[in-house]
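Overview (structure and organization)
The chain contents come next:
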Amino acid sequence: MQTNYGTQQTDIACTTIMPTQIIPDMVDDVRASLLQPPRSLSPKYFYDERGSELFEQICSTPEYYPTRTEHHLLSKHAVAIIKQTNPDQILELGSGYSTKTRRLFDACQETAQHCIYAPLDVCEEALIDAAQKLAEEYKWLKLKPLLGDYHGGLGNLPVTQGAHLFVFLGSTIGNFGQTTHARDFIKEVYNAMGSRDHLLIGVDRVKKDHILEAAYNDAQGVTAAFNLNVLHVLNRALNANFNADEFTHSAIFNADKERIEMRLTADSEQKIHIDDLGASIHFDKGDDILTEVSQKYTYSGIEKMLTAAGFSITNHYEDENAYFSLVLASK
Ligand SMILES: C[S@@+](CC[C@H](N)C(=O)[O-])C[C@H]1O[C@@H](n2cnc3c(N)ncnc32)[C@H](O)[C@@H]1O
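All figures in this text were calculated on a predicted structure; none of them were measured in a lab.

Quick notes on the overall build of the protein
Helix and strand counts for the protein stand at nine helices and 16 strands. By the compact-globule yardstick of 20 Å for 331 residues, the protein fits well, its C-alpha radius of gyration being 20 Å. With the C-alpha coordinates aligned to their principal axes, the bounding extent of the protein is approximately 60 × 50 × 35 Å. Across the 331 residues that make up the protein, the buried fraction comes to 39%. Within the protein, counting contacts between residues at least 6 apart in sequence, those at least 24 apart form 75% of the total.

Listed below in structure tokens is the structure:
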């Protein structure tokens, strides 16, 4: 299905990727995860237009080292990555505004490796905004924005002839809830790839908890606004009546599970109605919703996850502080 955005000053069209496996819609998903404690939400609901914009702002906060570090690694190694992989198509999962991916396009330009770029995301506003800007900046780049949910399977991704570079940046793999889910997804990516294809993945590393916690509790409060925004998403999409002023953001490193756990905690006793679910939720003061986990990995943990899926590690780049890994793997 092609979605044309007539209101935009562009002829860029998004292709909707249909799922190959059944995934719950928002009503069923929220019903299953939010009505009973322990309450949680899928992080994909953060990313309406405002959520995607707020995530971009988080990336520029001084505390949020992952973006800076991954960007630095990409700037340093992009030419080598492009020479190694010679991609005819770059397929990015959870591309957002494709900000760091530009370093790969710069490298393609430098090495005259002209290719197709197929970014996949759940946020159509971010996809269209990014595609419009990329069309201006890289006139040679063939753009194929894909609107879809990677939890719905990767079997319908457009596969072209030649070599593909699958890209999965921002340590988004850390948001898969449980490490077994992350491993299963990496296996799905492996299965979607051809023999000449590569995966480039950015993964955040285990480090001192004060550095991790600062990154998710920035002084300007952008991460708090991003977290609270999910309540506005629920209000709009499901006719709920959350008052975001009555909840508080927190992000704490769970050292046993090696992950940041981001929550929204009720500041007072309250009853929330979600009309589209025909349900109410009672919150006592202090009750919370787990809105995101961000799993951190060790160097060997990353390699284990990739090799368990069948990948061979081609290059494992890290910064001097070993804060972040950028790994190129082949099938
Ligand atoms: C942590 S952000 C990373 C954005 C960008 N790749 C970066 O590195 O800055 C996660 C991105 O994945 C997208 N996303 C989250 N869940 C998704 C899903 N289930 N299917 C497709 N995209 C998803 C979000 O809209 C967002 O753009």
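Still to come is the rest of the account.
Some points on the pairing of strand 12 (residues 270–274)
One ladder, built from five bridges, connects strand 12 with strand 13 (residues 279–283); its direction is antiparallel. What sits directly across from Gln-270, in strand 13, is Phe-283. Taking the residues that link successive antiparallel strands as the turn, the strand 12-strand 13 hairpin has four residues, and the phi of Gly-278 there is positive, at about 60 degrees.

Quick notes on the domain arrangement of the protein
For the protein, the assigned domains are domain 1 (26–49 + 210–295) and domain 2 (52–208 + 298–330). For domain 1 and domain 2, the distance between their C-alpha centres works out to 27 Å. Contacts between domain 1 and domain 2 engage 22 residues on the former and 25 residues on the latter. Of all the elements in the fold, those that place two or more residues in the side of domain 1 that touches domain 2 are helix 7 (209–215), helix 8 (222–238) and strand 14 (288–295). Residue composition of the side of domain 1 that touches domain 2, grouped by class: 10 nonpolar, six polar and six charged.

Calculation rules
Residues numbered from 1 in each chain as written. Predicted model: local features only at pLDDT ≥ 70, side-chain atom pairs only at ≥ 80, totals over all residues. Helix = DSSP H or I, 4+ residues; strand = E, 2+ residues; numbered from the N terminus. Rg over C-alpha atoms; globule rule 2.2 N^0.38 Å. Buried ≥ 20, exposed ≤ 12 C-beta atoms within 10 Å, placed from the backbone. Contact = placed C-beta atoms within 7 Å. Pairing = 2+ DSSP bridges. Domains from an automatic or database assignment. Nonpolar A, V, L, I, M, F, W, Y, C, P; charged D, E, K, R; others polar.

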